[in-house]
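Each chain is listed here by its residues.
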There are 2 protein chains.
Amino acid sequence: MPMPAKAVLLVHGGAGVINRDSMSSEMETRYTTKLGDALIAGHKVLKAGGSSLDAVVAAIQVLEDSPLFNAGKGAVLTRDKRIELDAAIMDGASLQAGAVGAITTVKNPITAARAVMEHTEHVMLIGKGAEMFLRDIAKKIGLTLVEPDYFMTPLRIEQLEEALASEKERYGAASHSKTAHRKTRKAVGFDENKFGTVGAVALDQSGNLAAGTSTGGITAKRYGRVGDSPLIGSGTYADNATCAISCTGHGEYFIKHVASYDVAARMKYLKEPVSIAAPYVINTTLRECGGFGGMIALDRHGNAAVPFNTPGMFRGAVTEDGEVSVSIYCD
Amino acid sequence: MPMPAKAVLLVHGGAGVINRDSMSSEMETRYTTKLGDALIAGHKVLKAGGSSLDAVVAAIQVLEDSPLFNAGKGAVLTRDKRIELDAAIMDGASLQAGAVGAITTVKNPITAARAVMEHTEHVMLIGKGAEMFLRDIAKKIGLTLVEPDYFMTPLRIEQLEEALASEKERYGAASHSKTAHRKTRKAVGFDENKFGTVGAVALDQSGNLAAGTSTGGITAKRYGRVGDSPLIGSGTYADNATCAISCTGHGEYFIKHVASYDVAARMKYLKEPVSIAAPYVINTTLRECGGFGGMIALDRHGNAAVPFNTPGMFRGAVTEDGEVSVSIYCD
């Protein structure tokens, strides 16, 4: 199903080596259904006259709550079998932004990012300090706290073990990781060890844009690694004057190329429409240096772009009228 | 002393409310001498044919080691009387970058950022995870580790107490903070509670640019707050195709406007020279929304810009021939 040229809300659930022949139709259905649920949740907010920020949060929460995606429940594990979640949100009307890095106890990290934006004078809080603030404010603003175990799923534990075994194998130690690796690759259907971030961008009835991104990072990441998702201008950006963007992919490349702000800069300075600027950054700037991934981008007139330079990207759009489209592969 | 139009190395030691009438000539001399030392240390590297990365590290280490600046020894304290140091470095030739957030035991945080760039596949490591990696690799690569107490100075403890008392006063509790505040303001000579980040940008004989920034953040910051300094594209950026930049100021504004990459984007897309692009971002984009601070910027031909929208910025430049200039106020 091709994406519509116009939309009020876009979501993604990660980009990567997602091939038709390695994905069962049952898995396809599970992913597309959940992306559709996220779009419907966000659309409901917008249709009722809610803000683009509320719509972004509503859509992302659905994806965070699903173990299918690498964000919230079902996030990938760090090298030492921990969960560290990153998220960011940005308001295109005010340029206010909030981000969290390496948090472990807020059920929906996107709501934690929003709490930083709305209840501190800072943009980014990380680690234990962020946790302290979030625990303090949780009751007052209705943040749901959970034990870190809530986020862990058997599949992610298995993927971590494989990743570590595969590393060991590469350095010469004996291991059976290859077989195990193949097994899970087949079960999951794509290389979600590396990708699977979720994100949303929305345009509300007042013409305001917002963007949000949430992720568990990459499997077996070094404890303390922060990718592009919570970095304003890299994985997440929104400005009514240009567009709202959420990225997914090999974060380090998106950081070095300041990928999401680069799209905004091309629109602002080169007067490129979002349909040219976003694909350029993904298919030329990033692709040329081996930076794999994709992004969703929406401008103030509802023009949508969903470029990716990987075999697939979980993505979806909903129009003002509530028409939902969801895609996985390169159409 | 006006800055030269051409340079091979620029440094800054923070921007803020730095007025001639509140700064003793003895303090002035201490600051200008240390900035000069940093420039000489970096110039020595460049003159010997060393890389711009090495020069940036050499210059920043001098400023980190001095208790005068808010980086390394003498960094400001968090709300709960802790030290949390952030730093970033970027190589304009390869776009490789490294950053650390909220670290507490590496004597020179700029060397920690470089270790992340050169010895991991990540760009950013934060908090405890970063510490674990840095401790593991310290011996192998010659990182100097210290106890967190090393960084603390009596002045910074006093400033924290004043900041907290002043907050309390604003909310109605009795306190003697005002007198204390005046006392220290006079002793220090400017509002370095807020600013005082250090940074360097350099151009080596091979024509390669590099940028680095190091900071303790802002006094009484919420534990876990990350400002713009360690964020690639916000406080630090380098690309041979455009320029090398290090920022200082109210970090949250520099994050939301992706300030350092915005200069690069203006150069790349609007074809503005660095002497136009850098002042535009500081004096128009940031100033218009109340974002105070400054930056140092250097392009591949040695064209230098040192814009700031505060009353002063500690800054300095050295030319290829080793001519050193240092300034504090608006000349």
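Conventions we followed
- Residues numbered from 1 in each chain as written.
- Chains lettered and ligands numbered in written order.
- Predicted model: local features only at pLDDT ≥ 70, side-chain atom pairs only at ≥ 80, totals over all residues.
- Heavy atoms only, no water.
- Helix = DSSP H or I, 4+ residues; strand = E, 2+ residues; numbered from the N terminus.
- Buried < 20%, exposed > 50% of the residue type's maximum accessible area, 1.4 Å probe, protein only.
- Contact = heavy atoms within 4.5 Å.
- Buried area = accessible area lost by both parts, 1.4 Å probe.
- Salt bridge = Lys/Arg side-chain N within 4 Å of Asp/Glu carboxyl O.
- Polar contact = N/O pair within 3.5 Å; in protein donor to acceptor, adjacent residues only side chain to side chain.
- Nonpolar A, V, L, I, M, F, W, Y, C, P; charged D, E, K, R; others polar.
- pLDDT = per-residue confidence, 0-100.
- Pairing = 2+ DSSP bridges.
- Axes fitted to C-alpha atoms, helices over the stretch in contact; angles between N-to-C directions.
- Least-squares fit on C-alpha atoms with pLDDT ≥ 70 in both.
- Phe/Tyr/Trp six-rings, centres within 6.5 Å; stacked < 30°, edge-to-face > 60°.
- Lys NZ or Arg CZ within 6 Å of the ring centre and 35° of its normal.
- Core = buried A, V, L, I, M, F, W, Y, C linked by side-chain atoms within 4.5 Å.
- Parallel < 35°, antiparallel > 145°, perpendicular 65-115°, else oblique.
- Left-handed = near helix turned anticlockwise from the far one by under 90°.

### A word on the overall build of chain A
At step 1: When its secondary structure is counted, chain A shows 9 helices and 13 strands.
At step 2: Dimensions of chain A along its principal axes, counting C-alpha atoms only, are 60 × 45 × 35 Å.
At step 3: Per-residue burial for chain A yields a buried fraction of 63% across its 331 residues.
At step 4: For chain A, restricting intrachain contacts to residue pairs at least 6 apart in sequence, the fraction spanning at least 24 positions comes to 71%.

### Notes on the interface of chain B and chain A
At step 1: On the side of chain A, 42 residues touch chain B, which itself brings 42 residues to the contact.
At step 2: Here chain B meets chain A over a buried area of about 3,600 Å², counting both sides, of which 66% is carbon and sulfur.
At step 3: Summed over the shared surface of chain B and chain A, the result is 0 salt bridges.
At step 4: Our count for the contact surface shared by chain B and chain A stands at 16 residue pairs in polar contact (both at pLDDT 80 or more).
At step 5: At the level of secondary structure, the elements contributing two or more residues to the side of chain B that touches chain A comprise β3 (97-103), β4 (124-126), α4 (127-141), β7 (225-226), α7 (251-256) and α8 (259-269) of chain B.
At step 6: Residues that form the side of chain B that touches chain A fall into these classes: 23 nonpolar, 9 polar and 10 charged.

### Some points on the confidence of the model for chain A
All names here are of chain A.
At step 1: When pLDDT is averaged along chain A, the result is 91, and 92% of the positions lie at 70 or above.
At step 2: Confidence drops under pLDDT 50 across residues 173-190; counting only partners more than four residues distant or on other chains, this segment forms 36 contacts.
At step 3: Here the complex is predicted with pTM 0.93, and the ipTM for its interfaces comes to 0.92.

### A word on the environment of A:R287
Residues and elements named next belong to chain A.
At step 1: Here R287 shows up in helix α9 (residues 274-288).
At step 2: For the pair R287 and Y253, spaced 34 residues apart in sequence, the C-alpha to C-alpha distance is 9.7 Å.
At step 3: Those residues in contact with R287, other than ones at most four positions away along the chain, are I282 and N309.

### Brief notes about the sheet that holds strand β9 (residues 243-249) of chain A
What links the strands of a sheet is backbone hydrogen bonding, and the strands pair in either a parallel or an antiparallel sense.
Residue and element names in this part refer to chain A.
At step 1: Read across the open sheet, the 4 strands follow the order β8-β9-β10-β11; overall the sheet is antiparallel. Taken across any chain shown, the strands that pair with only one partner, and hence form the sheet edges, are β8 (236-238) and β11 (304-305).
At step 2: As judged from the 2 bridges shared by strand β10 (residues 293-299) and β11, these two strands associate in the antiparallel manner. Of the residues in β11, the one forming a bridge with A297 is A305.
At step 3: Where helix α8 (residues 259-269) meets the sheet, it contacts β8, β9 and β10, and its direction lies at approximately 145 degrees from that of β9.
At step 4: Lying over the sheet, α9 contacts β9, β10 and β11, oriented at roughly 165 degrees with respect to β10.

### Some words on the sheet that holds strand β12 (residues 312-318) of chain B
At step 1: The mixed open sheet is built from 9 strands, whose spatial order is β7(A)-β4(B)-β3(B)-β2(B)-β6(B)-β5(B)-β1(B)-β12(B)-β13(B). Every interior strand has two partners, whereas the edge strands, β7 (225-226) of chain A together with β13 (324-329) of chain B, have only one.
At step 2: Alignment of β3(B) against β4(B), held across 3 bridges, turns out to be parallel. Looking across to β4(B), one finds that B:G101 is bridged to B:I126.
At step 3: Where helix α2 (residues 52-65) of chain B meets the sheet, its contacts fall on β1 (9-16), β2 (85-91), β5 (198-203) and β6 (209-215) of chain B, and the angle it forms with β5(B) comes to roughly 155 degrees.
At step 4: Where α4(B) meets the sheet, its contacts fall on β3 and β4 of chain B, and the angle it forms with β3(B) comes to roughly 115 degrees.

### Side note on the relation of the copies chain B and chain A
At step 1: Of the two same-sequence chains, chain B is brought onto chain A (RMSD 0.0 Å, axial shift 0.0 Å) by a rotation of 180 degrees. The superposition of one copy onto the other is thereby described by a two-fold rotation axis.
At step 2: When the interface residues of chain B are mapped onto chain A, 100% of them are again interface residues, pointing to one common binding face.

### Brief notes about the packing of aromatic side chains
At step 1: In total, this model carries 11 aromatic pairs over all chains according to the counting rule given.
At step 2: Connected via pairs of aromatic rings, a cluster forms that spans A:Y237, A:Y261, B:Y237 and B:Y261.
At step 3: Against the face of B:Y253 rests B:K256, its NZ or CZ located 5.1 Å from the ring centre.
At step 4: The positively charged end of B:R266 is found above the aromatic ring belonging to B:Y280, 3.8 Å away from the centroid.

### Some thoughts on the nonpolar core
Inside soluble globular proteins, nonpolar side chains tend to come together where they are buried.
At step 1: Counting 72 residues, the largest nonpolar core has A:L10, A:Y261, B:L10 and B:Y261 as its most contacted members.
At step 2: Those residues within four positions of A:L10 in sequence are excluded, and the remaining contacts are A:L39, A:G199, A:A200, A:V201, A:I296, A:A297, A:L298, A:A304, A:A305, A:V306, A:G316 and A:A317.
At step 3: B:M23, B:F69, B:V100 and B:A115 belong to the second-largest nonpolar core, a separate cluster that totals 57 residues.

### Quick look at the environment of A:P4
All names here are of chain A.
At step 1: Take P4: it is sitting in the segment before β1 (9-16).
At step 2: Measuring from C-alpha to C-alpha, the distance between P4 and V318 comes to 8.1 Å, with 314 residues separating the pair along the chain.
At step 3: Excluding anything up to four places from it in sequence, P4 contacts A304, A317, T319 and S325.

### Let's talk about the pairing of strand β5 (residues 198-203) of chain A
Residue and element names in this part refer to chain A.
At step 1: Taking burial as the measure, the 6 residues of β5 include 6 buried ones, the bulk of the element.
At step 2: In β5, alternate side chains face the same way, and those of V198, A200 and A202 on one face and G199, V201 and L203 on the other are all buried.
At step 3: Pairing geometry for β1 and β5, over 4 bridges, is antiparallel. When the bridges of β5 are listed, H12 appears paired with G199.
At step 4: Sheet topology note: the β5/strand β6 (residues 209-215) ladder contains 6 bridges and is antiparallel. Pairing of A202 across the sheet is with A210, part of β6.

### A word on the packing of helix α1 (residues 25-47) of chain A against helix α2 (residues 52-65) of chain A
Residues and elements named next belong to chain A.
At step 1: In contact at an axis separation of 8 Å, α1 and α2 are set at 155 degrees when each is read in the N-to-C sense. With respect to α2, the element α1 is oriented roughly antiparallel. Regarding α1 and α2, the two cross each other, and that crossing is right-handed. Contacts from K34, L35, D37, A38, A41, G42, V45 and L46 of α1 reach α2 at S52, D54, A55, A58, A59, V62 and L63.

### Description of the environment of A:G101
At step 1: Residue position: A:G101 is located in strand β3 (residues 97-103).
At step 2: Look at A:G101 and you get buried, because its relative accessible area is 0%.
At step 3: The spacing of A:G101 and A:G294 is 193 residues in sequence and 21 Å in space, taken between C-alpha atoms.
At step 4: Contact partners of A:G101, with chain neighbours within four places excluded, come to A:L85, A:D86, A:L125, A:I126, A:G127 and B:I126.

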